[in-house]
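Here are the chains, one letter per residue:
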Amino acid sequence: MKKIIPVLLALLTLSSCAQRVKAPDLNESFNVNAVYKSGDYSYACKIVKDKNGVSITPTSTNAAGMRIYCNGKTVEFTYGDFKKISDINKLDKTNPAIILYEVFFSGASSGNTSVGSFTLKSENGLPVNIEIPDADITLSFN
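From a predicted model like this one, the values you see are computed outputs, not experimental measurements.

Chemist: Would you mind going over the overall build of the protein in detail, with residue names and values included?
Modeler: A count of helical and extended segments in the protein gives two helices and 10 strands. Along the protein, helices and strands appear, N-terminal first, in the series α-β-β-β-β-β-β-α-β-β-β-β. When each of the 142 residues of the protein is scored for burial, the buried share is 35%. When contacts within the protein are restricted to residue pairs at least 6 apart in sequence, those whose partners lie at least 24 apart make up 35%. As displayed, the protein offers around 8,800 Å² of accessible surface, 53% of which is attributable to carbon and sulfur atoms.

Shown next as structure tokens:
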């Protein structure tokens with residue numbers, strides 16, 4: 001018994017020292033403009049988050065108007081009359097809608113996505129900046 005008490009006290013002390021990640025101050029739903037940058041490539045886009053998922057729609061490339069929506073299980077591609085739904089596990093994890101879903105629905109201001117660790121900065125319920133240095137991805141929100 002005498003040996004168990006010091007071990008329990010040590011565990012209690014160590015667990016109280018663990019750093020807690022602050023939950024982001026994000027509204028359940030929002031519609032914002034952003035610039036998505038991956039390496040040397042960047043484009044303007046519209047990001048829409050609702051209670052079930054997130055979409056990204058490029059506005060400054062040849063793909064302007066293509067909406068990519070992720071709900072955590074499937075990814076839906078929509079462009080005019082074209083619509084395709086794919087299982088999330090069958091797509092490349094660098095898909096921007098998947099990455100945004102992982103960040104916004106993580107419940108944390110920092111953590112991990114399928115492409116690396118992220119940091120999310122928010123203000124007044126809206127995202128301000130997302131950085132994923134492991135994948136050289138940055139999103140700046142206007």
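Now that the structure has been shown, the text picks up again.
Chemist: Lay out the packing of aromatic side chains with the relevant residues and their values.
Modeler: One pass over the structure, following the stated rule, counts five aromatic pairs. A ring pair is formed by Phe-30 and Phe-104, whose centres lie 5.3 Å apart and whose planes are at 90°; its orientation type is edge-to-face. With Phe-30 in strand β1 (residues 30-38) and Phe-104 in helix α2 (residues 96-104), the pair connects residues that are 74 residues apart, well separated along the chain. This pair shows no difference in class: Phe-30 is buried, exactly as Phe-104 is. On the basis of an interplanar angle of 20° and a centroid distance of 4.5 Å, the ring pair of Tyr-101 and Phe-105 is categorised as stacked. Among the aromatic residues, those joined into a ring-pair cluster are Phe-30, Phe-104 and Phe-141. Geometry around Phe-105 places Lys-49 over its ring, the cationic atom sitting 4.8 Å from the centre.

Chemist: Pulling in residues and values, what's your account of the environment of Val-115?
Modeler: Mapping Val-115 onto the fold places it in the loop between β7 (110-113) and β8 (116-123). You can call Val-115 buried: its relative accessible area is 16%. Here the alpha-carbon distance between Val-115 and Ile-98, two residues 17 residues apart in the chain, equals 10.0 Å. Sequence-distant contacts of Val-115, defined by excluding residues within four places in its chain, comprise Lys-93, Thr-94, Ile-99, Ile-132, Asp-134 and Ala-135.

The rules behind the values
Counting from 1, residues in each chain are numbered in the order their sequence is written. In keeping with the model being predicted, local features are shown solely for residues with a pLDDT of at least 70 and side-chain atom pairs are shown and tallied solely at 80 or more, while totals for entire chains, interfaces and linings include all residues. Side-chain measures here rest on the full set of heavy atoms in the structure, leaving out hydrogens and waters. Put simply, DSSP marks the helices as runs of H or I at least four residues long and the strands as runs of E at least two long, and each gets a number from the N terminus on. Exposure is judged per residue with a 1.4 Å probe applied to protein chains only, and the accessible area is read against the type maximum: over 50% gives exposed, under 20% gives buried, and values in between give partly exposed. We call two residues in contact whenever any of their non-hydrogen atoms come within 4.5 Å of each other. Using the Shrake-Rupley algorithm and a 1.4 Å probe, accessible areas are obtained, with residue cover drawn only from the displayed protein chains. Each Phe, Tyr or Trp ring, with Trp reduced to its six-membered ring, pairs with another whose centre is within 6.5 Å; inter-plane angles below 30 degrees give stacked pairs, above 60 give edge-to-face pairs, and intermediate values give tilted ones. Only Lys NZ and Arg CZ are tested; either one counts as a charge over a ring when it is within 6 Å of the ring centre and within 35 degrees of the ring normal.

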